[in-house]
Amino acid sequence: MYCVTLYLGESMLELAYPLMLFALPLPLLVYWLLPSYKQQKSSVKVPFFKRVVMVSGETPSQGAVIASRMLVQRVFLVLGWVSIVFALARPEYVGEPVVIEKAGRDLMVAVDLSGSMEATDFLDGKGQTIDRLSAVKQVLEEFVAQRENDRLGLIVFGDAPFIQAPFTEDHAAWLTLLDETATGMAGQSTAVGDAVGLAIKAFEGSRSENKVLLVLTDGNDTGSKVPPIDAAKVASNFGITIYTIAIGDPTTMGEEALDAETLERMAEETDGGFYQALDRESLSEVYQRINELEPAVFDSISFRPKTSLHHYLLGFVVLIYVLLFVFMTLRFEGQRKPTRGNG
């Protein structure tokens, strides 16, 4: 579709249907090509018509009398027609470009809620002892504040993984759902591999080309149907980058022993990174490193708002015809007033 644009600095005027302007000369074509309008009127018989003609010196002719319009009528008709044609051409005011930046990354956070996360071997900002999950919540709040342009999701896992929060740009709601989590609410085991599998499924509906998964755990995989490394290989095929964060004491033994080797292999399979967080300060440093490795990405959408102006032209047509009607009515009434004789 063709359009005509007149630039006014950053803004511009645009005719959406400029081909309608070809209708401008139509009245002239009608005037030149079509015969004049004729109207029958009653005639007056004049006695001694030939003598009257001889005295007046006028030559009689047959045909209609063409009424001539006043100048003001012609001006109003021209203005009205031009306004109607330009209204049909649909003029639009195109404003300055508006750029909307949307989040370009989907970031899923998988948090271990097994019983071992109750261990109180972290210190908060005031130096008081807190459990591992509370430390994770505090540092995640700081981390999320630096990821304000990302869509965030939250998975919690224990015996099985669950989606606590689907991908959302509402970070306040995301933090609220994180705060509502508690150790043991998903079971006592640690299903790391299944948590990665659920994250892959959550990413299936994502249109983002930047997909990141953070896995925070303090143990080893004790209840997954899919081995963690195999799950990481599948995630790599889906373009998901995994960052694994080992929380707490790496010297623990038994079922609660930290399987750092597996977590490191998971990160390597997806070109991500493996980090150990022994305390709250090191956990904060881990998030800072991830921020540096995964800078904010934006999808920019640019558009120009358009405001149609055709209704102003149509309003102008109505106005001039009302004024013309009032003018002609007053003029006609003035001519009809009877003249008073003298005496």
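Because the structure is a prediction, the values reported are computed rather than measured.

### A closer look at the overall build of the protein chain
Counting its regular elements, the protein chain contains 10 helices and 14 strands. Of all 343 residues assigned to the protein chain, the portion counted as buried reaches 37%. Counted over contacts in the protein chain with a minimum sequence separation of 6, partners at least 24 positions apart contribute 78%. Accessible surface for the protein chain amounts to roughly 21500 Å². Of this, 57% is attributable to carbon and sulfur atoms.

### Side note on the pairing of strand E10 (residues 210-217)
Among the eight residues of E10, seven are classified as buried, and the element is accordingly described as predominantly covered. Looking at chain direction, strand E5 (residues 105-112) and E10 are connected through seven bridges and run parallel. Pairing of Val111 across the sheet is with Leu216, part of E10. Of the strand pairs in this sheet, E10 and strand E11 (residues 240-247) are connected by seven bridges, and their pairing is parallel. By the bridge assignment, Lys211 is partnered in E11 with Ile240. Of the crossover connections in this fold, the one passing from E10 over helix H7 (residues 228-237) to the parallel E11 is right-handed.

### Considerations on the side chain of Gln164
On the secondary structure map, Gln164 appears in strand E9 (residues 161-168). At a separation of 3.0 Å, a polar atom in the side chain of Gln164 contacts the main-chain carbonyl oxygen of Leu177. With sequence-adjacent residues up to four places away left out, Gln164 is seen in contact with Leu154, Ile155, Val156, Leu177, Glu180 and Thr181.

### Some remarks on empty space enclosed by the protein
Inspection of every chain in the model, using the stated rule, returns one cavity of 30 Å³ or more. Contributing to the lining of the largest cavity are Val192, Gly219, Asn220, Asp221, Pro228, Asp259, Thr262 and Leu263.

### Brief notes about unusual backbone geometry
Glycine aside, residues mostly have negative phi, and peptide bonds are mostly found in the trans state. With a phi angle near 55 degrees, Arg90 is a residue other than glycine that sits in the positive phi range. Tracing the backbone shows Arg90 in the loop between helix H3 (71-88) and strand E3 (91-94). Phi at Asp271 is positive, roughly 60 degrees, even though this residue is not glycine. On the secondary structure map, Asp271 appears in the loop between helix H8 (260-269) and strand E12 (273-277).

### Brief notes about the sheet that holds E11
In a beta sheet, neighbouring strands pair by backbone hydrogen bonds and run either parallel or antiparallel. The strand order across the open sheet formed by six strands is E9-E8-E5-E10-E11-E12, and the pairing between neighbours is mixed. Each edge of the open sheet carries a strand with a single partner, namely E9 and E12. Taken over all neighbouring pairs, the strand axes of this sheet differ in orientation by 15 degrees on average, direction set aside.

### A short note on the side chain of Ser206
Looking at where Ser206 falls in the secondary structure, it is placed in the loop between helix H6 (192-203) and E10. At 2.2 Å, the side chain of Ser206 and the side chain of Asp106 are in polar contact. Once residues lying within four places of it in the same chain are set aside, the contact partners of Ser206 are Asp106 and Lys211.

Scoring rules and cut-offs
Residues numbered from 1 in each chain as written. Predicted model: local features only at pLDDT ≥ 70, side-chain atom pairs only at ≥ 80, totals over all residues. Heavy atoms only, no water. Helix = DSSP H or I, 4+ residues; strand = E, 2+ residues; numbered from the N terminus. Buried < 20%, exposed > 50% of the residue type's maximum accessible area, 1.4 Å probe, protein only. Contact = heavy atoms within 4.5 Å. Areas by Shrake-Rupley, 256 points an atom, 1.4 Å probe, with all protein chains shown as cover. Pairing = 2+ DSSP bridges. Right-handed = clockwise from strand over helix to strand, strands pointing away. Polar contact = N/O pair within 3.5 Å; in protein donor to acceptor, adjacent residues only side chain to side chain. 1 Å grid on protein atoms, 1.4 Å probe; cavity = no way out; pocket = protein on both sides within 12 Å on 5 of 7 lines; lining within 4 Å. Points joined across faces, edges and corners; volume = space filled by probe spheres on them. Axes fitted to C-alpha atoms, helices over the stretch in contact; angles between N-to-C directions.

So far we have only geometry, and geometry alone does not tell us how the molecule works.
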